[in-house]
Amino acid sequence: TPEAGRVVFENVTFGFPGAEKPVIKNVSFAAEPGKTTAIIGSTGAGKTVLLNLALRLYDPQQGSITVDGAPVSELTRDQLADTLSLVPQRPYMFSGTIGSNLRFGRTAATDEELWEALRVAQGEDFVRERELGLDEPVSQGGTSVSGGQRQRLSIARALVSKPKVYLFDDSFSALDVATDARLRAALPSATQGATTIIVAQRVSTITDADQILVIEGGEIVGRGTHDELLGSNEVYQEIVRS
Ligand code: DGT
Ligand code: MG
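So, how was this worked out
Here the residue index of a chain counts from 1 through its sequence in written order. Lettering of chains starts at A and numbering of ligands starts at 1, both following the order in which they are written. With pLDDT at 70 or above as the cut-off, local features in this predicted model cover only qualifying residues; side-chain atom pairs require 80 or more to be listed or tallied, and sums for whole chains, interfaces and linings still use all residues. Excluded from the side-chain calculation are hydrogens and water; included are all heavy atoms of the structure. Only DSSP runs of H or I covering at least 4 residues are called helices, and only runs of E covering at least 2 are called strands; the numbering of each starts at the N terminus. Radius of gyration here uses only the C-alpha atoms, and the compact-globule reference equals 2.2 Å multiplied by the residue count raised to the power 0.38. Contacts are residue-level and defined by heavy atoms, with any inter-residue pair within 4.5 Å sufficient. Every accessible area reported is derived by Shrake-Rupley at a probe size of 1.4 Å, with residue values counting cover from the shown protein chains alone. The rule for donors is simple: N, O or S, within 2.8 Å of the metal, or within 3.2 Å if the metal is Na, K or Ca. Water isn't counted, so a site may look like it is missing partners. Note on classification: 1.4 Å probe, protein chains only; a residue is buried when its accessible area is under 20% of the maximum for its type, exposed when over 50%, partly exposed between these limits. In this analysis, strands are considered paired if DSSP registers two or more bridges between them. Geometry is summarised by axes, namely lines fitted to C-alpha atoms with helices restricted to the contacting stretch, and by angles between N-to-C directions that run from 0 to 180 degrees. What qualifies as a polar contact is a pair of N or O atoms within 3.5 Å, subject to a donor-acceptor requirement within protein and to the restriction that residues adjacent in sequence count only when both atoms come from side chains. When an angle is under 35 degrees it counts as roughly parallel; over 145 it counts as roughly antiparallel; between 65 and 115 it counts as roughly perpendicular; any other value is oblique. Each helix crossing is assigned a hand: it is left-handed if the near helix lies turned anticlockwise from the far helix by less than a right angle, otherwise right-handed if that turn is clockwise. Only Asp, Glu, Lys and Arg are considered charged in this grouping, and only Ala, Val, Leu, Ile, Met, Phe, Trp, Tyr, Cys and Pro are considered nonpolar; every other residue, Gly among them, is considered polar. One heavy atom suffices: a residue is near a molecule or strand as soon as one of its heavy atoms comes within 4 Å of it.

### Looking at the overall build of the protein chain
Counting secondary structure elements, the protein chain contains 9 helices and 12 strands. For 242 residues, the compact-globule formula gives about 18 Å, and the C-alpha radius of gyration of the protein chain, at 18 Å, lands near that figure. On the principal axes, the C-alpha backbone points of the protein chain span a range of 50 × 40 × 40 Å. When contacts within the protein chain are restricted to residue pairs at least 6 apart in sequence, long-range pairs at least 24 apart make up 67% of them. Of the roughly 11600 Å² that the protein chain leaves accessible, carbon and sulfur atoms contribute 48%.

Take a look at the structure:
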């Protein structure tokens, strides 16, 4: 259906219990299937909370969030987990192997699929260099892999699950600019048709996004393409300059 993977926020307001002020204020946007929506804004602006709301880690006090036209409040955790894959800002590893970390409970994924996901996520080389490859042990917390490798494994894990919606929370900033560029060049064909939402620090990560949301203090203060925002939005201009 044309709704497949469509994520819609309508007038969403959310505050943490006990906090005086909401951290998300009257946010509305639609993230469309086959397109990339980028979210940019300073630290503490509310980017991670927005993604967590889509995953229903918390429920908004006002407004609605729908995925595929259905309110997320009516979806089970399993349904949400099948539809949306989050690459968290701080990726985690559990004790097992590189392969089991990539499968993450999806035992049906073949080794071929894991290698394909690693290829896209720019993780193929460092896994091939490991003596045991996919069977290489990983300790909990992933101390045997570097931060950038952990991020790439986490991206590959999301690709293996083939969700309708990808949520990348600052997943590219630990990568050097060249790896970031290669990864983003490989992503579109791997995520074709899916809805992609990317939280970014670097403007270069999102210049080709279909829509960019600029968020400040929990509010959307600008939206458009890179060129549109560059010409019209002071907050965005400031981010580009910094
Ligand atoms: P980042 O990752 O540093 O670029 O910042 P954002 O944009 O991801 O910020 P976010 O969404 O983590 O936090 C937005 C606001 O919400 C910020 O004032 C901190 C606050 N906040 C985040 N998580 C919690 C929480 O678990 N409890 C409470 N009380 N406040 C939280
Ligand atoms: Mg964050």
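### Here we look at the coordination of the magnesium ion (ligand 2)
For a metal with four donors in a tetrahedral arrangement, the ideal angle between donors is 109.5 degrees, while six donors in an octahedron ideally sit at 90 or 180 degrees. For the magnesium ion (ligand 2), every protein donor is listed as Thr48 (OG1) and Gln89 (OE1), and the spread of their distances is 2.0 to 2.3 Å. Linking threonine 48 in helix 1 (residues 47-54) with glutamine 89 in the loop between strand 6 (84-87) and strand 7 (96-97), this pair joins segments that are 41 residues apart in sequence. Under the relative-accessibility criterion, threonine 48 is labelled partly exposed at 27%.

### Focus: the sheet that holds strand 4 (residues 62-67)
Taken in spatial order, the 4 strands make up an open sheet running 2-1-4-5, and their pairing is antiparallel. The strands lining the two open edges of the sheet, one partner per strand, are strand 2 (24-31) and strand 5 (70-71). Sheet analysis places strand 1 (residues 7-14) next to strand 4, joined by 5 bridges and oriented antiparallel. Following the sheet pairing, valine 8 is matched in strand 4 by threonine 66. Contacts from helix 1 reach strand 1, strand 2 and strand 4 within the one sheet, and its direction differs from that of strand 1 by about 120°.

### Brief notes about the side chain of threonine 13
Examined against the element boundaries, threonine 13 turns out to sit in strand 1. A distance of 3.0 Å separates the side chain of threonine 13 from the backbone nitrogen of asparagine 26, its partner in a polar contact. Not counting the four nearest positions on each side in its chain, threonine 13 is found in contact with Pro22, Ile24, Lys25, Asn26, Pro60, Gln61 and Gln62.

### Some points on the packing of helix 4 (residues 111-120) against helix 6 (residues 147-160)
The geometry of helix 4 relative to helix 6 is characterised by a closest axis approach of 8 Å and an angle of 130° between their N-to-C directions. Taken together, the axis directions place helix 4 and helix 6 in an arrangement best described as oblique. Handedness of the helix 4/helix 6 crossing: right-handed. Listed contacts from helix 6 to Glu113, Leu114, Ala117, Leu118 and Val120 of helix 4 are Leu153, Ala156, Leu159 and Val160. For the contact of helix 4 with helix 6, the class distribution of residues is 8 nonpolar, no polar and 1 charged.

### Description of the site of ligand 1
Lining the immediate environment of ligand 1, one finds Phe16, Val23, Ser42, Thr43, Gly44, Ala45, Gly46, Lys47, Thr48, Val49, Gln89 and Gln201. Between ligand 1 and the protein, one listed contact pairs an oxygen atom with a side-chain N or O atom of threonine 43 at 2.4 Å. Residues of the shell around ligand 1, tallied by class, amount to 4 nonpolar, 7 polar and 1 charged.

### A word on helix 1
Note: α-helices contain 3.6 residues per turn, so residues at a spacing of three or four share the same orientation. Here helix 1 lies mainly inside the structure; 7 of its 8 residues are buried. Residues of helix 1 that are buried include every one of Lys47, Val49, Leu50, Leu51, Asn52, Leu53 and Ala54, and no others. One or two steps after helix 1, the chain reaches arginine 56, where phi turns positive at roughly 65°.

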